[in-house]
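Results of the structural survey
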Amino acid sequence: MPSVFGGGMLANDYLRFRDDLAGKGIIFSFTGYVTESILTALGEALRHKMRLDDADPQVTRKVFSVFVEQVQNIIRYSADREEQGAAEPLALSSGMVTVGRDEGRFFVVCGNTVTPADARKLEARLSELARMDRDELRKYYKTKLREPPEEDSKGASIGLIEIARRASEPIEFDFLELDAQRVFFCLKAYI
Amino acid sequence: MTMDAINQQATDRTPRVLFDPQAGRFEMSGESYPEDAASFFGPIMEQLSAFVAEDQGPALHVALEMAYFNSSSAKALMNMFQMLEDAAERGREITVDWYYQAGDDTMEEFGEDFSEDFECAEFRLNERDDASTSI
């Protein structure tokens, strides 16, 4: 006897979508406008899930830290941003953040559009970080903490070093030009 | 000069902060990852720097037990430590206790790295095991 729930287009489409994510080891993926409250809520869900899975507390702390820095980078830097009127000085930044597990290791990926000028700066910074070992990253972080903040940096130069320090191998990054004004920027860190 | 006390409960993204100018005691504990760390730490920095502004004055004891902070909070902490070390150099008695949970390598490393910037103020690293009470 056929099941009452045969499944139409809707369930089939979204099941495939869900299975595709699960197949890639993705614990959760968020795409859209990110705010500080979304960061807090997703961060709490992430830590809760990792506690339930008996993840090493040290690893949980590192994954959380990489997650926070990546989401805060999207909030600060995404070029997909809707500035609101002067009455409410709030900007909504759009991007994606994905947390998953691959052969026992956690990864955090973020993606957002940036301006070509920011893309060039990011590429230079990330290439520099990729060449550093653990001790060099630790020293570099400290040097940056002592320095006055760079113009227009809003603190992200240290955030990228934090991500590189918590990652268990050099962070991967990639850029794809969308049009003359926008570049899609992607960053992946394994912990 | 009268000095306002600070007694702020922790929020989702900001730590518990306690400043008792009468007792010369400043405490901060928990997690710190506000997007705008400067606006969270700004008023705290103002209070603390006013307290140590004079070359002479009561001792200040700072106790910090952070479980996690983001990079912009790290920057704010560094600014705070530089201000405290400057005051100690001018003759104020300042002690900083940095507490971290046993096994939390990240907070231990931060403590070690911050300690390098103190010469005149005393900076102590304290490991806690789960059984001991927090500040």
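From a predicted model like this one, the values you see are computed outputs, not experimental measurements.

Broken down by element type, chain A carries six helices and six strands. In sequence order, the secondary structure elements of chain A are arranged as α-β-α-α-β-β-β-α-α-α-β-β. When each of the 191 residues of chain A is scored for burial, the buried share is 41%. Pairs at least 24 residues apart make up 65% of the contacts formed inside chain A by residues separated by at least 6 positions. Carbon together with sulfur atoms contributes 57% to the accessible area of chain A, which is approximately 10,600 Å² in total.

The next point concerns the overall build of chain B. Looking only at helices and strands, one finds three helices and six strands in chain B. Overall, chain B shows an N-to-C arrangement of helices and strands of β-β-β-α-β-α-β-α-β. Scaling as 2.2 N^0.38, a compact globule of 135 residues should have a C-alpha radius of gyration of about 14 Å, and chain B matches this with 14 Å. Contacts spanning at least 24 positions in sequence make up 68% of the contacts within chain B whose residues lie at least 6 apart. Surface exposure of chain B reaches about 6,200 Å², of which carbon and sulfur atoms provide 42%. The average position of the 8 basic charges and that of the 29 acidic charges among the side chains of chain B differ by 6 Å.

Under the definition given, this model contains 25 salt bridges over all chains. Among the salt bridges present, the one from B:D113 reaches A:R138, with a minimum N-O distance of 2.9 Å. Taken as a pair, B:D113 in helix α3 (residues 105-115) and A:R138 in helix α5 (residues 134-146) lie in two separate chains rather than in one. When its relative accessible area of 8% is taken as the criterion, B:D113 is described as buried. For B:R25, the salt bridge identified is with B:E27, shortest N-O distance 2.5 Å. For B:R25, a relative accessible area of 27% corresponds to the partly exposed category. A relative accessible area of 16% means that B:E27 is categorised as buried. Each member of the salt-bridge network shares a partner with another, and the members are A:R138, A:R165, B:E109, B:E112 and B:D113.

Turning our eyes to something else, we now look at the pairing of strand β5 (residues 94-101) of chain B. Residues and elements named next belong to chain B. For β5, a buried count of seven out of eight residues is recorded, marking the element as mostly surrounded by other parts of the structure. Strand direction decides the pairing type here: strand β4 (residues 60-69) and β5, joined by five bridges, are parallel. Among the inter-strand pairings, V62 is bridged to a residue of β5, identified as V96. Regarding the hand of the β-α-β motif, the stretch spanning β4, helix α2 (residues 71-89) and β5 is right-handed. Pairing of β5 with strand β6 (residues 122-128), which is carried by seven bridges, proceeds in the parallel orientation. Within the sheet, the bridge partner assigned to T95 lies in β6 and is E122.

Turning next to helix α2 (residues 36-52) of chain A. Think of an α-helix as turning once every 3.6 residues; residues three or four places apart then point the same way. All names here are of chain A. Counted at 1.5 Å a residue, the expected span for α2 with its 17 residues is 24 Å, and the 24 Å between its end C-alpha atoms agrees. What α2 keeps buried is the set E36, L39, T40, L42, G43, L46, R47 and M50. Looking one or two places after α2, you find D54, whose phi comes out positive at around 55°.

When we look at burial in α3(B), the residues that qualify are B:T106, B:M107, B:F110, B:G111, B:D113 and B:F114. One side of α3(B) holds all its buried residues, which, seen down the axis, span an arc of 170°.

The next point concerns the layout of surface pockets. Its volume calculated, the second largest pocket comes out at about 430 Å³. Taken together, 22 residues form the lining of the second largest pocket, with A:R61, B:E31, B:A67, B:Q101 and B:D104 sitting closest to its centre. Only α2 and α3 (57-77) of chain A together with β3 (25-32), β4 and β5 of chain B provide two or more residues apiece to the lining of the second largest pocket. Within the lining of the second largest pocket, the residues separate by chemical class into 10 nonpolar, five polar and seven charged.

Conventions and cut-offs
Residues numbered from 1 in each chain as written. Chains lettered and ligands numbered in written order. Predicted model: local features only at pLDDT ≥ 70, side-chain atom pairs only at ≥ 80, totals over all residues. Heavy atoms only, no water. Helix = DSSP H or I, 4+ residues; strand = E, 2+ residues; numbered from the N terminus. Buried < 20%, exposed > 50% of the residue type's maximum accessible area, 1.4 Å probe, protein only. Contact = heavy atoms within 4.5 Å. Areas by Shrake-Rupley, 256 points an atom, 1.4 Å probe, with all protein chains shown as cover. Rg over C-alpha atoms; globule rule 2.2 N^0.38 Å. Lys, Arg positive; Asp, Glu negative; His and termini not counted. Charge placed at Lys NZ, Arg CZ, Asp CG, Glu CD. Salt bridge = Lys/Arg side-chain N within 4 Å of Asp/Glu carboxyl O. Pairing = 2+ DSSP bridges. Right-handed = clockwise from strand over helix to strand, strands pointing away. Expected span 1.5 Å × (residues − 1). Arc of directions from axis to C-beta. 1 Å grid on protein atoms, 1.4 Å probe; cavity = no way out; pocket = protein on both sides within 12 Å on 5 of 7 lines; lining within 4 Å. Points joined across faces, edges and corners; volume = space filled by probe spheres on them. Nonpolar A, V, L, I, M, F, W, Y, C, P; charged D, E, K, R; others polar.

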